[in-house]
Structures are given as structure tokens and as C-alpha cells.
Amino acid sequence: MLRSLPLRAAALSVVVFFTFMLAWHLAVRGTTAVQQMDPEYAKLMGVTATHGKSAMPGPLDVAATLWGHLKRPFYDNGPNDKGLGIQLGYSIARVAIGYFLAVIVAIPIGFLIGMSPLMSRALDPFIQVLKPISPLAWMPLALYTIKDSSLSAIFVIFICSLWPMMINTAFGVSAVRKEWLNVARTLEVGTFRRAFTVILPAAAPTIVTGMRISIGIAWLVIVAAEMLVGGTGIGYFVWNEWNNLSITNVINAILLIGLVGMLLDQILARFARLVTFPE
Amino acid sequence: MSDKFISLEGIAKRYPAPGGLTTTIFENLWLSMNRGEFTCVIGHSGCGKTTVLNILAGLDTPSEGAVIVDNLAIDGPSLDRAVIFQGHSLLPWRTVMGNVSYAVSSKWRRWSSAQVRAQAQKFIDLVGLTGSEHKHPSELSGGMKQRVGIARALSIQPKMMLMDEPFSALDALTRGTLQDEVRRICQETGQTTFMITHDVDEAIYLADNIVLMTNGPGAVLAEVVVNPLPKDRKRTEVHKHPLYYAVRNHIVDFLVSRSRTFVEQTPGFDPRHVPLVRPGLDEPPPEPDSTVVRLASRGH
């Protein structure tokens, strides 16, 4: 083939996209038979019954609503009618707070575990038990103790972001090459200087990988957490629109959740490129 | 001996073995080195050469005995003893300048960054890496990396340099050039150097004294071969020296056969007084025929 690989890949992506859109469009065309009914009664029934239209919105409906949302992302008409920008903003803020609290706690503890075999063995059973707990299982406990639904969501983000970062930091720190540590030893470099000039740069790629895993999990969990705590946030929006039976809005929200998740991942990926060193 | 600078005093290294036993890597090693001398240790893999070097560096501790440097028993690593590691062990996230100045700023903590850079630059120039200061180790060839390692070790102006097979990972041409550089630098700076090698020719070219170590476990220092070659020797000329083959054959003989049997065959051996030997001067030169046989048997 003469054309470059990226070009061919892009062309294929476009084909896949339009095939999917076409299939979706065809699948949700009206197929059910239209019932003859009294006009008064027909007014009470939706378009599904009167015009045979599918209850599932087509790609064009979704695109039209999405355009409407994107035109007015920050309107606020009260508790149950806020712009998607505001809802996403709440979710991102909760993730950011919980995640940064987790960074502050996980990286120093990870360092300690990685540098001290004693701490590693002593703390290992706790980490092994706490790590597999679904973050949402903490929710009732958080609601009972914190007594604030928004803070409870932040706590859930904190607890779910903690483990991948802590484990990766501990692994990265304990796997620093002996020869680099020996360089520091022969130069009589003190403990603190060694931690910042040798161990941290050497372990940074592994630590950032842990941070990247954590941000992914945090974004997965926030949607579920907000469905439970309600009030604001993209997760609440999804659940609220489900209650409104607005599948179009649910699909819009799903799309935006995916895009924001990708964006968060890309930020961490860029950060990872900054700290990675070629050998 | 009052002029001895470094001495190994009866050092041993033992590890616990299964069944409550201990494995002795080496024991009762006694050796002294004078200031400004270049000493090479040669021996087979596993005899504990690297452990001896690590003990000298302070990175490892002997199970028995002590190491005295400049009348003081060593206790841990020191900036007085610079190590050139077998792998170059440069910090890959730092540039050439960053690696050398890291060492400089570790030694002189109060120096301004300009002073640190000037000192680092001096030693980067000395090893011939001018112009590559801003490259990262991944952008350098094996020989250049090892030059950075040498510059880093020299930049802290240590009392002695310890080299663990510094050229073993390099191709023959690069190795030759770097051997020349190391010899030139050591002579110019009067550096006391302790080097481990597998390469007999390298030892003869570089060292004043070549220490022969028997096979482990239970390795001992068998002999110190005093290099009879002139101080101003050239790498391309050494093999033409009349005593070259006597020295070479003596060492190769030791490595091929005597390193295994030395302990049994030398019952009255006193490890505190390792004999000095001068091949070709103490003993009659070997017959021409036997030289051929020995050369042929080298490729065992």
C-alpha cells in the first residue's frame, strides 16, 4: 500500500463510525404497526404508539440534543435542570479533590513501604484486604460517619484512587536499580537527597503509571457514586434522565463521560512522558 | 611497611549455606598497595573479586578482617574512594553534565553551580567528551558511557579509584582507546587504582602489580606478579617486549591450571606474605617449544 498507516487507520475509523451510525439509524426506524385509536386517546399516548416511532432515539436525535447541550452548557434552572457543563464540573471537582488527597497520602506511604522491608511486610495484609473492596461498599459507612453526601462521594474517590498509586509507588521505589543506589552511596549522598535525586526520578515512571490507573478508576467510580448520592454531577444527571425516560440525554451523558475520561487519561499520559527516561 | 596506603588485613567473606553450613567465598586475604600504584586483580568468575572491590568501596562488609586506607579502617562508602562500575551505572534521567556535576556537588556541597559546572567540565574535557555535555546516556555509545563513568569518578578527586571490569562490555577497539586514556590519566594524576579484570593483556598493559586469585570457594591471593615492563610502555608495543610472554604465560598458566590446584599444591602457604614474583627475571625464560604448546592450550 502506498498510503501511510495513520492515514489508512483514520480512513478505517471513519468507515467504522459511519457504519455504526447507519446501523443505529436503521435499527431505530419505526417498525411497529400504528394502531388506529381515538384522537383524544392518541394525545395521551407517545409518538411510539401513534406514529410507530421507536422509543430508542436515533443518531440524528442525539446529535440535535447534544448540539443543544453544547450551545448552553452552563445554564441553571434549579436542582433538576442544570447544564451538562455544570454537572460535569461537579464530577470533575469531586474527582480532583478525592484524587489529590489520595496522591498526598498514597505516595509518601508507598515510599515508606518501598524503602522499608519491615513496613512492607507489616502493612501488606491491610492493603491486601482493603484493596479488593468495591469503593461503593464504603458509601454507607461514609454517609453515616461524614453525614454529607458530597463529601462521602469525595471519600469514595479517595479510597478507590489510593491503592493503585500506593502499590505502584511501593513497587517503583523497591525496584530502583541497586547500581544507582550504589552510586549515591559511594558519593555519600544523604537519605533525603537520595530520595529526591535518585529514588524519585527512578521510580517516577512507575508512580505515574499508578496515578494513571487511579484516575481511570476514579472517573469510573464517580458516576456510580453520584447515582447513589444524588443532587449534582454527571452520574446524578444520568440517573435523573433515566427517571425522566429521556434516553437521548442518557446517551449524550454517556458520550461526554467517555470524552472526559479520555481527556483525564491523556493528561496523565502526557505527564508520564515527561518523567519517563530512555535507557 | 610504612609507605603502604591501602591494606587488606585478613578479610574473609562467608555466606550461610543450606543445612547450617557456611560457604566461604574467600578468606584471610592480605594485600597492601602503595600510593600511586596501579593494581590489577585477575581470577576466574566466582572467586570473589567483585566482593573484594565492593569491600574496598565500602559497599559490602567483610565477615572477618578489616581494610585500612591511609591509616584508618574504612567504615562504609566514602568520597575518597571512587568506583567505576562494570555497567556504567549512569543516572539515565541526567545528562552527561548532570551525571558528573551530581558527583561534584555531592563532594563540595557549598559550591556554587558555576563552580560545580566548571569542575565537571574540566573532567568531561579530560575524558574527551567535550561537546556531548547535554546528551543523555541513552544517546551515547558504550565507550562514551564508560568515559562519563570515568569522568564522574575522577571529578571528585578521590584518593583511590576502584574499577570493576570497566571495559568488559566494550568492543576491542573502544577498549584499547579507553585503556590508553585510563593509563594516561592515572599517570598524569598519580591516581592509586585497584582494578578487576579477566583480560590478561589489559592487566599487563595497565598494572604495576597483578594479583592472582585462586578459584573459589575458599579463594586466596596466590601471588603478586610485579610487572617488569617499562613505565612508558605503549599498548601497541607491549607484546614486543622480551619479558612480555614470560609474564603473560605465567598468568595464563595460573588461570588455566594453577588457580584450581594452588591451595593443595602449596601446603606451607602463608597468606599474610603473598609472594612477589617477577616472571622472566626470577626463573629462566621458557623454552620456545613450550611457549607454542602453552599458547595452543590457551583456547581450552
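Rules and cut-offs
- Residues numbered from 1 in each chain as written.
- Chains lettered and ligands numbered in written order.
- Predicted model: local features only at pLDDT ≥ 70, side-chain atom pairs only at ≥ 80, totals over all residues.
- Heavy atoms only, no water.
- Pairing = 2+ DSSP bridges.
- Helix = DSSP H or I, 4+ residues; strand = E, 2+ residues; numbered from the N terminus.
- Core = buried A, V, L, I, M, F, W, Y, C linked by side-chain atoms within 4.5 Å.
- Buried < 20%, exposed > 50% of the residue type's maximum accessible area, 1.4 Å probe, protein only.
- Contact = heavy atoms within 4.5 Å.
- Buried area = accessible area lost by both parts, 1.4 Å probe.
- Salt bridge = Lys/Arg side-chain N within 4 Å of Asp/Glu carboxyl O.
- Polar contact = N/O pair within 3.5 Å; in protein donor to acceptor, adjacent residues only side chain to side chain.
- Expected span 1.5 Å × (residues − 1).
- Domains from an automatic or database assignment.
- Phe/Tyr/Trp six-rings, centres within 6.5 Å; stacked < 30°, edge-to-face > 60°.
- Lys NZ or Arg CZ within 6 Å of the ring centre and 35° of its normal.

**Student:** Go over the sheet that holds strand β5 (residues 72-73) of chain B with me, naming the residues and quoting the values.
**Tutor:** Residues and elements named next belong to chain B. With respect to topology, four strands assemble into an open sheet ordered β2-β1-β4-β5, the strand pairing being antiparallel. The open sheet has two free edges, formed respectively by β2 (22-34) and β5, since each of these has just one partner strand. Pairing of strand β1 (residues 4-16) with strand β4 (residues 64-69) involves five bridges; the strand directions are antiparallel. Bridge pairing links serine 7 to isoleucine 68 in β4.

**Student:** Give a description of the nonpolar core that names residues and reports values.
**Tutor:** Ranked by size, the top nonpolar core spans 151 residues in total, and within it Met211 of chain A together with Phe26, Phe38, Phe194, Ile210, Met213 and Ile251 of chain B carry the most contacts. Looking at which element gives the most residues to this core, the answer is helix α10 (residues 191-229) of chain A, with 16 residues. Look past the residues within four positions of phenylalanine 194 of chain B in its chain and what remains in contact with it is Leu31, Met33, Thr39, Val41, Val52, Leu53, Leu56, Met160, Met161, Leu162 and Met163 of chain B.

**Student:** Now, about the interface of chain B and chain A: what can you tell me, with residues and values included?
**Tutor:** Every contact between the two is made by 21 residues of chain B and, on the other side, 17 residues of chain A. When chain B packs against chain A, close to 1,900 Å² is buried across both sides, 64% of that on carbon and sulfur atoms. Between the two partners, chain B and chain A, sit zero salt bridges. Inspection of the region where chain B meets chain A yields seven residue pairs in polar contact (both at pLDDT 80 or more).

**Student:** Residue-level account of helix α4 (residues 142-155) of chain B, with values.
**Tutor:** Counted at 1.5 Å a residue, the expected span for α4 of chain B with its 14 residues is 20 Å, and the 20 Å between its end C-alpha atoms agrees. α4 of chain B sits mainly inside the fold: twelve of its 14 residues count as buried. Listed as buried for α4 of chain B are Gly143, Lys145, Gln146, Arg147, Val148, Gly149, Ile150, Ala151, Arg152, Ala153, Leu154 and Ser155 of chain B. In the core, the buried residues of α4 of chain B are packed alongside α9 (178-186) of chain A together with β6 (81-84), α2 (96-107), α3 (113-126), β7 (160-164) and α5 (172-189) of chain B.

**Student:** Residues and numbers for the pairing of β4 of chain B, please.
**Tutor:** The two faces of a sheet get side chains in turn, since along a regular strand they alternate between them. Residue and element names in this part refer to chain B. For β4 and β5, the ladder comprises two bridges, and the chain directions are antiparallel. Note on β5: the bridge partner recorded for isoleucine 68 is alanine 73. Joining the antiparallel neighbours β4 and β5 is a turn of two residues, in which aspartate 70 adopts a positive phi near 55°.

**Student:** Account for the sheet that holds β7 of chain B, naming residues and giving values.
**Tutor:** Residue and element names in this part refer to chain B. In space, the seven strands of this open sheet follow the order β6-β7-β8-β3-β9-β10-β11, with mixed pairing throughout. Both edges of this open sheet fall to β6 and β11 (276-277), since each of them pairs with a single strand only. In this sheet, β11 lies alongside strand β10 (residues 221-226) in parallel orientation, the contact comprising two bridges. When the sheet's bridge partners are listed, valine 224 is paired in β11 with leucine 276.

**Student:** Please provide a residue-by-residue account of unusual backbone geometry, values included.
**Tutor:** Residues and elements named next belong to chain B. Within the chain, aspartate 70 stands out as a residue other than glycine whose phi angle is a positive 55°. Mapped onto the secondary structure, aspartate 70 falls in the loop between β4 and β5. The phi angle at glutamine 157 is positive, at roughly 45°, despite the residue not being glycine. With respect to the helices and strands, glutamine 157 occurs in the loop between α4 and β7. For glutamine 157, a relative accessible area of 41% translates into the label partly exposed.

**Student:** Could you give me a rundown of helix α1 (residues 49-57) of chain B, with the residues and numbers involved?
**Tutor:** In terms of residue burial, α1 of chain B counts as a mostly covered element, since seven of its nine residues are buried. Those residues of α1 of chain B that sit buried are Lys49, Thr51, Val52, Leu53, Ile55, Leu56 and Ala57 of chain B.

**Student:** Run through the domain arrangement of chain A, naming residues and quoting values.
**Tutor:** Accessible area lost on assembly of the parts is the figure often given for the size of an interface. Segmenting chain A into domains produces domain 1 (5-56) and domain 2 (84-274). Each of domain 1 of chain A and domain 2 of chain A was reduced to a C-alpha centroid, and the two centroids are 39 Å apart.

**Student:** Could you give me a rundown of the packing of aromatic side chains, with the residues and numbers involved?
**Tutor:** Taken as a whole, this structure holds eleven aromatic pairs over all chains when the rule is applied. Ring geometry for tyrosine 99 of chain A and phenylalanine 100 of chain A: centres 5.7 Å apart, planes at 75°, overall edge-to-face. Each ring, one from tryptophan 180 of chain A and one from phenylalanine 277 of chain A, has its centre 6.1 Å from the other, and the planes form 75°; the classification is edge-to-face. One end of the pair, tryptophan 180 of chain A, is in helix α9; the other, phenylalanine 277 of chain A, is in the segment after α12 (247-275), and 97 residues separate them in sequence. In terms of burial, tryptophan 180 of chain A and phenylalanine 277 of chain A fall into one category: buried. By the ring-pair criterion, three or more aromatic residues cluster together here, those being Trp138, Phe155 and Phe158 of chain A. Between lysine 147 of chain A and the ring centre of tyrosine 144 of chain A, over which it is positioned, the NZ or CZ distance is 5.4 Å. If you follow arginine 183 of chain B out to its NZ or CZ, it ends over the ring of tyrosine 205 of chain B, 5.7 Å from the centre.

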